[in-house]
Amino acid sequence: MEAARRGTAVVVGDGNAVDTGLAGDEQDIDIAIFAEHRNTDFSSVIGSLDNKYINHLGYGACEKITLLARKAFQIEVKREQTRYVLYSFQNGQTQYIIAGIHLPANPHSSSDDRKCVIRDIVGDITELENKLDCHNTIVIGDFNASPFDSELTQKDAFNAVL
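Reading the values: rules and limits
- Residues numbered from 1 in each chain as written.
- Predicted model: local features only at pLDDT ≥ 70, side-chain atom pairs only at ≥ 80, totals over all residues.
- Heavy atoms only, no water.
- Core = buried A, V, L, I, M, F, W, Y, C linked by side-chain atoms within 4.5 Å.
- Buried < 20%, exposed > 50% of the residue type's maximum accessible area, 1.4 Å probe, protein only.
- Contact = heavy atoms within 4.5 Å.
- Helix = DSSP H or I, 4+ residues; strand = E, 2+ residues; numbered from the N terminus.
- Expected span 1.5 Å × (residues − 1).
- Polar contact = N/O pair within 3.5 Å; in protein donor to acceptor, adjacent residues only side chain to side chain.
- Pairing = 2+ DSSP bridges.
- Axes fitted to C-alpha atoms, helices over the stretch in contact; angles between N-to-C directions.
- Phe/Tyr/Trp six-rings, centres within 6.5 Å; stacked < 30°, edge-to-face > 60°.

Colleague: So what about the nonpolar core? Which residues, and what values?
Modeller: By size, the foremost hydrophobic cluster in this structure holds 17 residues, and its most contacted members are Ile-31, Leu-67, Ile-75, Tyr-87 and Ile-98. Apart from residues no more than four positions distant in its own chain, Leu-67 is found in contact with Ile-31, Ala-32, Ile-33, Ile-54, Asn-55, His-56, Ile-75, Tyr-87 and Ile-98. Ranked by size, the runner-up nonpolar core spans 16 residues in total, among them Leu-128, Leu-132, Leu-152 and Ala-157.

Here you go:
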């Protein structure tokens, strides 16, 4: 993957920005996705990082996901729903799609509830991949599921099998 060769890294955080590794040179993080970031003051975080990052806010439909990226990256919000945001960016000649997600949590929702959201995400990703002619897609966030739960492994959901 070209992003890895060029030093681009994607991390996910739970709103504890100090613990994400953004501040360390050894991490050299370019893009960070945050789920459940409600109490995080991103202007303070960006200030503590020498103002090298931009908070890419969506249009307001998703209050659960946000993305910080180095200023060198031109991030575009392509689609936003209440549980996910689809972003795109270029790294050199390669285009990427990042889906930042926050699926409904137990005990307030079931596996079937998460599958409904996942089907919407997969449909929107497929549509965007076709529109942009891009198949370099990263899905990252808070899945609120275990790795072998049906919503992650079933063919009509994420189909994430090894």
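Colleague: With reference to specific residues and values, describe helix H3 (residues 111-132).
Modeller: Given a rise of 1.5 Å per residue, 22 residues ought to cover 32 Å, and the 31 Å separating the end C-alpha atoms of H3 matches this to within 8%. All of the buried residues along H3 are Arg-114, Lys-115, Val-117, Ile-118, Ile-121, Asp-124, Ile-125, Leu-128, Glu-129 and Leu-132. Its buried side turned inward, H3 meets strand E5 (76-80), strand E6 (84-91), strand E7 (94-102), strand E8 (137-142) and helix H4 (150-153). The residue sitting at the N-terminus of H3 and contributing the capping side-chain oxygen is Ser-110; that oxygen lies 3.3 Å from the backbone nitrogen of Asp-112. Positive backbone phi, at 50°, marks Asp-133, one or two positions downstream of H3.

Colleague: An account of the pairing of strand E4 (residues 65-70) is requested, with residue identities and associated values reported.
Modeller: Across the six residues that make up E4, a large majority, six, are buried. Here E4 shows two buried faces, one formed by Ile-65, Leu-67 and Ala-69 and the other by Thr-66, Leu-68 and Arg-70. With five bridges connecting them, strand E2 (residues 31-35) and E4 associate as antiparallel partners. Bridged to Ile-31 within E4 is Ala-69. In this sheet, E4 lies alongside strand E3 (residues 53-56) in antiparallel orientation, the contact comprising four bridges. The partner of Ile-54 across the bridge, within E4, is Ala-69.

Colleague: How would you sum up the sheet that holds E5? Please name residues and give values.
Modeller: What the four strands build is an open sheet, ordered E5-E6-E7-E8; its pairing is mixed. Each edge of the sheet is formed by a strand with only one pairing partner; in this case those strands are E5 and E8. Geometrically, the sheet is characterised by an average inter-axis angle of 25° between neighbouring strands, direction not taken into account. As judged from the eight bridges shared by E6 and E7, these two strands associate in the antiparallel manner. Residue pairing for E7: Ser-88 is matched across the bridge by Ile-97.

Colleague: Go over the packing of aromatic side chains, please, and point to the residues and values.
Modeller: For the structure on display, the rule yields four aromatic pairs. With a centroid separation of 5.3 Å and an interplanar angle of 20°, the aromatic rings of Phe-89 and Tyr-96 are classed as stacked. The pair Phe-89 / Tyr-96 is uniform in exposure class, with both members buried. Joined through ring pairs, the aromatic side chains of Phe-73, Phe-89 and Tyr-96 make up one cluster.

Colleague: Now, about unusual backbone geometry: what can you tell me, with residues and values included?
Modeller: For the bond from Asn-106 to Pro-107, the omega torsion is -5°, close enough to zero to count as cis. With respect to the helices and strands, the residue Pro-107 is situated in the loop between E7 and H3. Its identity is not glycine, yet Asp-133 carries a phi of approximately 50°, on the positive side. As for its placement among the helices and strands, Asp-133 is situated in the loop between H3 and E8. At Asn-159, a residue that is not glycine, the phi angle is positive and equals roughly 55°. On the secondary structure map, Asn-159 appears in the segment after H4.

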